[in-house]
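Overview (structure and organization)
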Amino acid sequence: MTPVNDNHEIRHAEKTIALVKQCIEKELTHLKLRRENILEERKYFNDYFNELKEDEKKDLLDNELLDTNAYVYSLQFLARLGKQLKEPYFAGFVFKETREEDNPEAAEAYYLSIHTLRDPVTNEIITTDWRAPIASLYYESEPGDTYFAAPVGKISGTLLHKRRYVFRDGILVRYSEIGMPSDDEVLCEVLSQNSDTHMKTILQTLQKEQYKIVRDYIEGISVIQGCAGSGKSSIALHKAAYVLYAFREKLKDSSMTVISPNSVFSEYISSVLPDLGEENIERILPEDVIYEVLKEVEGYRFMERLTQQEMIRTEVPESGGCERLASFKATMRFRDFVMEYIKWLRSNIFQPEDLYLDEELGTKVEAALLKDLFYSQYSDLAIMNRTAAIAKYIGEHYAIKKQETLEKIRMELNYMMLSLSVPALYRMMYVEFPEIADYAPGQDSWEDACAVAVLYLMLYEPETAGRKFYLIADEAQDFIPIYLELLRHVYQGANMLFVGDHNQKVFGNEGDYVSDIKKIIRRRPFRTYRLDTNYRSTRQIIEYASRYLKNQDTIRCVREGNTPLEAEACFPEEVGAAAKDYILRMVEKGYENIALICCSAAAVSQIEPKIGLEYSVLSKINFRVLPLYLAKGLEYDCAILWDIPEELMYTACTRAMHELFVIRKGETD
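A quick note: this is a predicted structure, and the numbers were derived from the prediction, not measured.

Criteria and thresholds
- Residues numbered from 1 in each chain as written.
- Predicted model: local features only at pLDDT ≥ 70, side-chain atom pairs only at ≥ 80, totals over all residues.
- Heavy atoms only, no water.
- Helix = DSSP H or I, 4+ residues; strand = E, 2+ residues; numbered from the N terminus.
- Buried < 20%, exposed > 50% of the residue type's maximum accessible area, 1.4 Å probe, protein only.
- Areas by Shrake-Rupley, 256 points an atom, 1.4 Å probe, with all protein chains shown as cover.
- Pairing = 2+ DSSP bridges.
- Axes fitted to C-alpha atoms, helices over the stretch in contact; angles between N-to-C directions.
- Salt bridge = Lys/Arg side-chain N within 4 Å of Asp/Glu carboxyl O.
- pLDDT = per-residue confidence, 0-100.
- Lys, Arg positive; Asp, Glu negative; His and termini not counted.
- Polar contact = N/O pair within 3.5 Å; in protein donor to acceptor, adjacent residues only side chain to side chain.

Side note on the overall build of the protein chain
Scanning the protein chain from N- to C-terminus turns up 25 helices and 23 strands. Here the protein chain, with 669 residues, has 53% of them falling under the buried criterion. For the protein chain, the computed accessible surface area is about 31900 Å², with 48% contributed by carbon and sulfur atoms.

Here it is, written out as structure tokens:
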């Protein structure tokens, strides 16, 4: 890196910081005015409430909503400016268009940041949003003749130089000339830094293949299959920010959803999108999809994924209970049974009998007519809405006016349904298909709930399905086929990006998740991207972790480090002592983000009290003890593993960036 002694660069940095401060002052003025307007509108509304006409009240409320939205936007804009005050830009380049070759003064400097910054007086662009088309010159081109794709077409020219800038609290401390963001000096400097409690943006070092995924087409279905530490989750979030930037006219923030594997990971990524220039993207958990679908099913309860995983990790292997059921229901075969059962229900759920309207006169609607009405004439209606439509038809045909009689007819028709309870209908599946009777649930599991939700959607066809523009789903290798079927129905018409690694399955899905997505979602075009470079862990950690892989995928590493350490322990006290000693040594090395990872929460509760770190140490570091199913997707400077099953070792090992310590369970006498 070059120490800053370039007066031009120093002056430009100081000028940019000064303009950021001017923008902050201007926005603070706007914020104050908007707040005053909101308060005045509320006071006027309250003071004259009884005198205002209804349309006047509506206008006042609409104006207040507009001012409130503007106020929130100002707060978000100020937050971005606050970040830019510390780092006004992270990269820059000089580009001269071909048509300006005869004009040596035409070369123009561009500086990249999290969003476009304009001079508050002249409106001149000072920094350019990293998502703008011209920014591709930084990520994709080396100095020399090149071009970029602009909305008006291909623009050719000469890229004169590229630089990466490092600021510390708003002061330019150094910069470097680079060919590509993948230059070893730049990349290794960033990757060798300590981890922190939030996922990092990779704007400075976004690789060419990563940038291509961010900017590539969004239509249809895309799948990123990437090894551990390949940056796939970061890429997905960068793509979310890019989609919001490039398609802002087509969508609102609420039209994009990110599915995170658990609440810990969701919190972990919470700082990324604001740092990329975006806010307020909906973040949900896999269970939230089910809860939203089944919110009208009163009293329905199921075992969530993490609770179920804890049971699997702590149950006696010989019991053949929870794990046996979950293993079967994680298969494509189970999903096919559910879909076949739904097909059967469409022809058999209504079992009509003669409907007597007047017992004495013998007036009745024959079963054959009811069958024709249900399965033919009203086949365009959702299955669960057809009995109400038939009741209405009978009332009109027989000129029945009495509401009590009409309600009785509807109830009689409902009695001819196998059941109106979707959970009850689901349990009937195990009677209809005796070959799976042994897998009938006691308490509904995560997999059962997915099936019930699919059943509900196909029987009720609620109008809420399919209103999202873009869906991003992380840790997709753990999405079982019946859950993919649920996503297909909930997000009909949405473009989707799935992110996963077939080597990091924690929840028992043994299928090929990429093929499952392609078969079940059935949306085109379908694209796959493969990333095989680990930017997180050292070569030594990856080589150690790769011993546990069934398939020998080639994983490229870019950093060297220390060989992982191993030890044995039998009792929690021994594990705690070994972990404490290791943590103290890592703290001496300067590491701050350390985790002890166990196979279950039960193991965590045994080990955590035995470590006994003093407050003077804990106050300096971020230390966590957590089960692997919560640690997946996260990264730490150092990881300590305790009694991890072999099939999960690759996932566990690759949580470590710099140092790894594996404690195996020894045999007791």
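Quick look at the sheet that holds strand β9 (residues 221-226)
Across the sheet, six strands lie side by side as β11-β10-β14-β15-β9-β16; this open sheet has parallel pairing. If you trace the sheet from one side to the other, it starts and ends with β11 (282-284) and β16 (526-531), each paired once. Averaged over neighbouring strand pairs, the angle between their axes works out to 15° when direction is ignored. By the bridge criterion, four bridges tie strand β10 (residues 256-259) to strand β14 (residues 470-473) in an arrangement that is parallel. In the sheet register, V258 faces β14, and the bridge partner there is I472.

Quick look at the pattern of salt bridges
The full count for this structure, using the stated rule, is 28 salt bridges. Across the salt bridge formed by E9 and R163, the nearest N and O atoms sit 2.4 Å from each other. Here R163 lies in strand β7 (residues 153-168) and E9 lies in helix α1 (residues 7-47), a separation of 154 residues in the sequence. A salt bridge links R585 to D581; the shortest N-O distance between them is 3.3 Å. Linking R585 with D581, this pair stays in helix α21 (residues 572-588), spanning four residues, or about one helical turn. Beyond isolated ion pairs, a larger network of salt bridges with shared partners links R335, D336, E485 and R488.

Side note on the confidence of the model for the protein chain
Looking at the protein chain as a whole, its pLDDT mean stands at 87, while 90% of the residues score no less than 70. Ranking the elements of the protein chain by mean pLDDT puts strand β1 (residues 2-3) last with 49 and helix α12 (residues 332-348) first with 96.

Some points on the side chain of K162
By secondary structure assignment, the location of K162 is in strand β7. No salt bridge forms around the buried K162; measuring N to O, its nearest opposite-charge neighbour E142 is 7.3 Å away. One polar contact links the side chain of K162 to the main-chain carbonyl oxygen of Y138, over a distance of 2.7 Å. A distance of 2.6 Å separates a polar atom in the side chain of K162 from the backbone oxygen of S141.

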